[in-house]
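Residue strings, one per chain:
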Amino acid sequence: MAARQSPFDLSKCARKNILQLHPYRCARDDYKDDGTNVLLDANENAYGPGLALNSQGALLTDDATGSSKPEIDLLGLNRYPDPHQVELKKLFCQYRNTHHHTPKTLQPENLFVGVGSDEAIDALLRCFCIPGKDKILTCPPTYGMYAVSAEVNDVEIVKVPLDVNNGFQLQPDKINETLAADASIKMAYICSPGNPTANLIRKSDIQKVLEHPTWNGVVVVDEAYIDFAPEGSSLAEWVTEWPNLVVMQTLSKAFGLAGIRLGVAFTSSPIATLLNSLKAPYNISSPTSTLATAALSPASMAVMRSYREQIIAQRERLIAELPKIPGVGRFRGGQESNFVLVELLDKPARDGGKPSNEVALAAYEMMAEKGGVVVRFRGKELGCLGCLRITVGTEQEVSKFLQELRVVLEGLRG
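Residues numbered from 1 in each chain as written. Predicted model: local features only at pLDDT ≥ 70, side-chain atom pairs only at ≥ 80, totals over all residues. Heavy atoms only, no water.

A. Region of the structure containing helix α8 (residues 269-278). Burial in α8 covers these residues: Ile271, Ala272 and Leu275. Buried residues in α8, looked at end-on, bunch into an arc of 100 degrees, giving them a common side. Facing away from the buried side of α8 by more than 90 degrees, the exposed set consists of Pro270 and Ser277. (Buried < 20%, exposed > 50% of the residue type's maximum accessible area, 1.4 Å probe, protein only. Helix = DSSP H or I, 4+ residues; strand = E, 2+ residues; numbered from the N terminus. Arc of directions from axis to C-beta.)

As structure tokens, this is what we get:
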């Protein structure tokens with residue numbers, strides 16, 4: 001059947017900035033998982049969901065007496081979900097009201113819940129930035145979705161890099177100079193702990209930006225990995241002190257619930273009202289809400305903390321064992337996340353080896369193709385020459401990774 005004739009021309013009909021986009025890619029686009037690979041590429045929780053489950057995998061929730069009971073309720077799926085998620089928001093507030101940073105208390109009106117942190121990233125852009133006019137500020141190397149969402153919304157990106165010679169820390173004075181010089185910058189995105197840098201940004205540096213004397217904009221702190229940092233590191237409750245602070249978090253990482261796509265943004269009540277006003281009316285599905293609520297119950301929190309302890313123990317093992325492998329260089333950034341960023345060298349450090357993208361890329365490809373271990377090549381990011389980002393896996397997965405990396409680097413040296 002011949003194609004229908006039409007004057008339609010996609011290249012002239014679609015928005016120019018959308019035509020220039022490329023789909024999000026990950027390591028698994030190159031190495032499909034057949035169920036046998038060791039997946040240390042996407043910063044997932046290798047121990048599984050932080051949920052209290054019985055031996056058959058059924059969800060357990062705490063009843064009023066404090067004991068656990070199995071609960072699966074699918075009967076309400078014919079109804080639209082709660083558009084406000086107040087009960088879920090109360091649980092998030094309860095979790096983050098630690099009073100490490102303020103005596104004030106978070107309330108549900110301080111929260112926006114979305115489909116992962118990505119919805120909050122996009123919603124903030126739509127809320128504060130006029131397409132084709134306003135800008136955002138990012139601090140590379142950093143999470144790629146800030147740029148993707150900005151491009152989708154036709155918002156320009158101004159970059160003030162992290163200090164690559166000082167542990168990838170924020171450069172607040174340079175940020176403030178940039179903000180003072182350009183009133184069209186409406187938001188500054190700060191990732192803490194950073195991705196791919198794994199370092200916690202100093203609270204005092206964030207405060208310097210918040211205290212900018214002239215800039216009328218929003219500071220967005222992305223805390224996706226905050227539960228792997230020292231206790232009390234989260235600045236979520238600090239939004240009660242600053243009218244222009246947003247702190248984003250997710251259940252994808254420490255809680256091991258990447259599959260339910262649940263993110264949260266803590267912020268001032270006026271900003272939260274704007275975000276909740278522009279979102280889709282039923283953006284959080286009932287199953288997602290049920291699982292998120294269960295994850296924040298006492299029984300499931302105990303599971304999450306147990307898995308987190310194991311992840312931190314394996315992180316410390318990687319930090320101890322990787323430098324013993326000839327051809328492994330420095331750790332870059334910090335050690336406050338569920339992954340590490342490490343250099344691979346063109347020859348052992350004792351022989352004067354230098355960071356090498358060629359070696360890192362070859363090691364990445366060979367480990368995936370021959371060893372079934374998938375990590376993430378990050379050598380093209382600012383300050384990350386020769387770097388692989390390795391998600392912390394289970395004890396067995398870490399053992400396999402260390403073994404495969406040693407074999408691969410020996411083979412590359414010939």
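From this point on, the discussion continues.
B. Spatial organisation of the sheet that holds strand β11 (residues 328-331). With respect to topology, four strands assemble into an open sheet ordered β11-β12-β15-β14, the strand pairing being antiparallel. Each edge of the sheet is formed by a strand with only one pairing partner; in this case those strands are β11 and β14 (376-377). Across five bridges, strand β12 (residues 339-344) lies against strand β15 (residues 387-391) in antiparallel orientation. By the bridge assignment, Val340 is partnered in β15 with Ile390. Contacts from helix α10 (residues 298-321) reach β11, β12 and β15, with the element oriented near 10 degrees to β12. (Pairing = 2+ DSSP bridges. Contact = heavy atoms within 4.5 Å. Axes fitted to C-alpha atoms, helices over the stretch in contact; angles between N-to-C directions.)

C. A look at the pairing of strand β5 (residues 135-138). Of the two faces of β5, the one carrying Lys135 and Leu137 and the one carrying Ile136 and Thr138 are both buried. Two strands pair when backbone bridges link them, and β5 and strand β6 (residues 156-159) are joined in this way by four bridges, in the parallel orientation. Paired with Thr138 across the strands is Lys159, a residue of β6. Taken together, the three bridges between β5 and strand β7 (residues 185-191) define a ladder with parallel strand orientation. Bridged to Ile136 within β7 is Met187.

D. Quick look at the packing of helix α4 (residues 116-128) against helix α5 (residues 145-152). At their nearest, the axes of α4 and α5 sit 10 Å apart, and the two run at 40 degrees to each other. What the angle tells us is that α4 and α5 run oblique. The two elements α4 and α5 meet at a crossing, and its hand is right-handed. Along its contact with α4, which presents Asp118, Ile121, Asp122 and Leu125, the element α5 presents Met145, Tyr146, Ser149 and Ala150. Of the residues in the contact of α4 with α5, the class split is five nonpolar, one polar and two charged. (Parallel < 35°, antiparallel > 145°, perpendicular 65-115°, else oblique. Left-handed = near helix turned anticlockwise from the far one by under 90°. Nonpolar A, V, L, I, M, F, W, Y, C, P; charged D, E, K, R; others polar.)

In short, shape yes, function no, at least from these values alone.
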